[in-house]
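# Remarks on the overall topology
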Amino acid sequence: MTYCLAVRTETGIVLAGDTRTNAGVDYITSYKKLHVFDTAEDRIFVIASAGSLATTQEVIHWLKRDLEAGDDRETLNTVHYMFEAATYIGRVSQAVQVQHAAGMSSSRFSGETTLILGGQIRGAPHALHLIYPQGNFIEASKDTPYLQVGESKYGKPMLDRLGRGGVSLEDAARLAVISLEATIRSNLSVGPPIDLVLIRANTYTLAHELRLSEDSAFFNQTRDRWQAGLEAAFQTLPKFDWEV
């Protein structure tokens with residue numbers, strides 16, 4: 001399993017994800033699940049993925065092949081809006097899944113992949129889209145500024161409580177880290193290192209890209225302070241009548 005998330009703020013976008021991939025309890029590996037496309041000076045895209053690793057990797061290869069083709073085909077460099085990029089990626093994902101549908105069906109193996117697309121094209125606002133395996137998508141909004149894929153339930157409560165109030169880009173990044181930490185704590189199929197990227201609006205480049213390993217000082221300090229804060233808040237909860 002996996003867990004990736006993205007948060008849109010007024011000043012930019014944060015995307016984060018774990019790197020654990022497994023095919024059973026005796027085969028655990030790590031793969032990068034954030035894919036950056038910054039092949040033109042007027043746009044940047046980051047794709048986060050959950051689901052079939054094989055399908056995801058083939059989708060990424062198709063996108064790169066189209067960019068390198070040099071002909072008049074549609075690519076990430078030819079679209080004018082983020083929703084057009086989401087539509088194009090959805091079609092590629094569908095084509096990859098259809099290509100392998102017969103084999104997937106006979107083996108009862110799911111080849112579905114769910115993707116988060118974040119980025120910006122000059123002349124349009126920065127945006128986040130969740131692209132479903134069926135190729136359609138939804139967009140993050142002011143009311144719901146975050147998107148999740150994969151094992152999302154453990155990391156959702158802090159996003160609901162803290163992620164809707166107009167947080168800064170750096171606070172959104174911290175929120176992403178504790179959302180992933182909570183998931184790692186509760187689900188063995190999600191694990192470090194954590195990949196994290198920040199995009200500042202109207203810059204069309206990565207502001208920061210980092211990997212937080214299990215022994216990262218920042219990751220451990222964040223985890224420990226969050227835990228201490230929760231424990232301290234718990235001790236301030238009201239007493240039952242019979243305890244007074």
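Everything here concerns the structure above.
Residues numbered from 1 in each chain as written. Predicted model: local features only at pLDDT ≥ 70, side-chain atom pairs only at ≥ 80, totals over all residues. Heavy atoms only, no water.

## Things to note about the overall build of the chain
Worth spelling out the cut-off: Secondary structure elements follow DSSP: runs of H or I no shorter than four residues count as helices, runs of E no shorter than two count as strands, and numbering proceeds from the N terminus. Note on method: radius of gyration uses C-alpha positions; expected globular size equals 2.2 Å times residues raised to 0.38. Buried means the residue's accessible area, taken with a 1.4 Å probe over protein chains only, is under 20% of the maximum for its type, while exposed means over 50%, and partly exposed covers the values in between. In short, Shrake-Rupley with a 1.4 Å probe defines the accessible areas, and a residue's cover is counted only from the protein chains shown. The charged-residue count follows a simple rule in which Lys and Arg add positive charge and Asp and Glu add negative charge, with His and chain termini not counted at all. Taken as the charge centre is NZ of Lys, CZ of Arg, CG of Asp or CD of Glu, depending on the residue.
In terms of regular secondary structure, the chain is built from six helices and 12 strands. Whereas a compact globule of 244 residues would reach a radius of gyration of roughly 18 Å, the chain reaches 19 Å, a difference of no more than 12%. Seen through its C-alpha atoms, the chain measures out along the principal axes to roughly 75 × 45 × 35 Å. When burial is assessed residue by residue, the chain has 46% of its 244 residues classed as buried. Of the roughly 12800 Å² of accessible surface on the chain, a fraction of 53% belongs to carbon and sulfur atoms. Where the 23 positive side-chain charges of the chain centre and where its 29 negative ones centre are 2 Å apart.

## Remarks on the packing of helix H1 (residues 53-69) against helix H2 (residues 82-99)
Angle between the axes and distance between the axes: these two values describe a pair of packed helices. Definition in use: Helix axes are fitted to C-alpha atoms over the stretch in contact, other axes to C-alpha atoms as well, and angles between N-to-C directions run from 0 to 180 degrees. In this scheme, roughly parallel covers angles under 35 degrees and roughly antiparallel covers those over 145, while 65 to 115 is roughly perpendicular and the rest are oblique. A clockwise turn of the near helix away from the far one marks a right-handed crossing, whereas an anticlockwise turn of less than a right angle marks a left-handed crossing. We call two residues in contact whenever any of their non-hydrogen atoms come within 4.5 Å of each other. Amino acids outside the nonpolar list (Ala, Val, Leu, Ile, Met, Phe, Trp, Tyr, Cys, Pro) and the charged list (Asp, Glu, Lys, Arg) are all regarded as polar, and Gly is one of them.
The interhelical angle for the contact between H1 and H2, taken along N-to-C directions, is 125°, at an axis separation of 9 Å. Compared by their axis directions, H1 and H2 come out oblique. At the point where H1 passes H2, the crossing takes the right-handed sense. Facing Thr-55, Glu-58, Val-59, Trp-62, Leu-63 and Asp-66 of H1, the residues of H2 in contact are Tyr-88, Ile-89, Val-92, Ser-93, Ala-95, Val-96, Gln-97 and Gln-99. Each residue belonging to the contact of H1 with H2 can be placed in one class, and the counts come to eight nonpolar, four polar and two charged.

## Observations regarding the packing of aromatic side chains
Aromatic ring pairs are defined here through the distance separating the ring centres and the angle between the ring planes. How we decide: Paired rings are identified among Phe, Tyr and Trp, the last through its six-membered ring, by centres lying within 6.5 Å, and are further divided according to the angle between planes into stacked (under 30 degrees), edge-to-face (over 60) and tilted (the rest). Two limits define a charge over a ring: the Lys NZ or Arg CZ must be within 6 Å of the ring centre, and within 35 degrees of the ring normal.
Taken as a whole, this structure holds two aromatic pairs when the rule is applied. Each ring, one from Tyr-81 and one from Phe-83, has its centre 5.8 Å from the other, and the planes form 25°; the classification is stacked. Geometrically, the ring pair formed by Phe-240 and Trp-242 is stacked, given 4.6 Å between the ring centres and 0° between the ring planes. Over the face of the ring belonging to Trp-62 we find Arg-65, whose NZ or CZ atom lies 5.0 Å from the ring centre.

## Re the pattern of salt bridges
The cut-off we apply is this: Just to be clear on terms, a salt bridge is a Lys or Arg side-chain nitrogen sitting within 4 Å of an Asp or Glu carboxyl oxygen.
A full pass over the atoms with the stated rule returns 15 salt bridges. Between Asp-171 and Arg-174 there is a salt bridge, and its shortest N-O distance comes to 2.7 Å. Separated by three residues within a single helix, Asp-171 and Arg-174 lie in helix H5 (residues 169-186), roughly one turn from each other. Among the residues examined, Arg-174 registers a relative accessible area of 41% and is labelled partly exposed. Overlapping salt bridges bring together Lys-32, Asp-195, Glu-209 and Arg-211 as one network.

From the geometry alone we can't say anything about function, so treat these as descriptive.
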